[in-house]
Amino acid sequence: MDYNKNNSDFEFVAGEDLKAEFNRNENPKSKIQLIAKITNDSIITIYLKNNSKDSIEIWKQDGQLFLIQEAKNENGIWKPIEYWSYSWCGNSYSAKKIEGQKIIKTESPKYNGSFETEIRFKFLIDDDVFYTNPLNCNIDLTQFIIPEDFTKHGTYKKVIKVADKELAEKVLFLEPNASREFVKKHKEWVKMVTKKRLENKNNK
């Protein structure tokens, strides 16, 4: 398992064939529509369409969209094979406006291995999760294993400090509302620490 590395292109101009494909698969109930395609042996391209008539803002980190890749394990259950590596530098984050019906794209690594399965991409926006269509791919079974680097990640350590392993994994696996829950837990932790410091000061 590794962290996702994608390369977004907000200036992408969609061709008529791609627009028609989005129209054929349109879901009017979803504000975001995603289509994933295998570009070559090392790259998968994900196209994202603002399915509404109004413009929306999408946050990005160092030019990357908040995406991770999932795959079906040996029991046919969707599991993450990537995690998101959050930056703690405020300058890493910016919002990009996408006009109604606009299509952008991002490219993400395609993995290879001996295990035949389906993969999909999970996209987080405003605490909502959206999924691409599944693709038939080969991966390595070791990609389901959470690596040691995962628990050494700065975000994991910050969450563990105020919550638990379960929430830390939710944050790094882009679960909806996980970041909001972490912020709440952090505020409670700061309040508790401040209270204890005041009590210790008064007892001296």
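Right above here is the structure, for reference.
As the structure is a prediction and not an experimental result, all values here were calculated from the model. (Residues numbered from 1 in each chain as written. Predicted model: local features only at pLDDT ≥ 70, side-chain atom pairs only at ≥ 80, totals over all residues. Heavy atoms only, no water.)

Student: Account for the pairing of strand β6 (residues 67–72), with residues named and values stated.
Tutor: The side chains of a regular strand alternate between the sheet's two faces. Here β6 lies mainly inside the structure; five of its six residues are buried. Sheet analysis places β6 next to strand β11 (residues 115–125), joined by five bridges and oriented antiparallel. Within the sheet, the bridge partner assigned to glutamine 69 lies in β11 and is phenylalanine 121. Between β6 and strand β7 (residues 78–80), which pair antiparallel and follow one another directly, the connecting turn spans five residues, one of which, glycine 76, has a positive phi of 75°. (Buried < 20%, exposed > 50% of the residue type's maximum accessible area, 1.4 Å probe, protein only. Helix = DSSP H or I, 4+ residues; strand = E, 2+ residues; numbered from the N terminus. Pairing = 2+ DSSP bridges.)

Student: Would you mind going over helix α4 (residues 165–172) in detail, with residue names and values included?
Tutor: For α4, every residue scored as buried is listed here: Leu167, Ala168, Val171 and Leu172. In a view along the axis of α4, the buried residues occupy a sector of 130°, so they form one face of it. In α4, those exposed residues whose orientation departs by more than 90 degrees from the buried face are Lys165 and Glu166. Where the residues of α4 are buried, they touch β6, β8 (82–83), α2 (148–152), α3 (154–162) and α5 (178–203). Count one or two residues on from α4 and you reach leucine 174, which has phi positive near 60°. (Arc of directions from axis to C-beta. Contact = heavy atoms within 4.5 Å.)

Student: Provide a residue-level description of the sheet that holds strand β10 (residues 103–109), including the pertinent values.
Tutor: Here four strands make up an open sheet; going across it, the order is β2-β10-β4-β3 and the pairing antiparallel. Sheet topology places β2 (7–9) and β3 (32–38) at the edges, where each strand pairs with a single neighbour. Neighbour to neighbour, the strand axes of the sheet diverge by 20° on average, direction disregarded. Inspection of the sheet shows strand β4 (residues 43–50) paired to β10 by seven bridges, in the antiparallel sense. The residue bridging leucine 48 from the neighbouring strand is isoleucine 104, located in β10. Packing of helix α1 (residues 16–24) onto the sheet brings it into contact with β3, β4 and β10, and relative to β3 it is tilted by some 125°. (Axes fitted to C-alpha atoms, helices over the stretch in contact; angles between N-to-C directions.)

Student: Outline the pairing of β4, listing residues and values.
Tutor: Counting buried positions along β4 gives seven out of eight residues, so the element sits mostly inside the fold. One ladder, built from seven bridges, connects β3 with β4; its direction is antiparallel. The residue bridging glutamine 33 from the neighbouring strand is lysine 49, located in β4. Linking β3 to β4, which pair antiparallel, is a turn of four residues.

Student: How would you summarise α3 if you had to cite specific residues and measurements?
Tutor: Every buried residue of α3 is listed here: Thr155, Tyr156, Val159 and Val162. One side of α3 holds all its buried residues, which, seen down the axis, span an arc of 140°. On its buried face, α3 is in contact with α2, α4 and α5.

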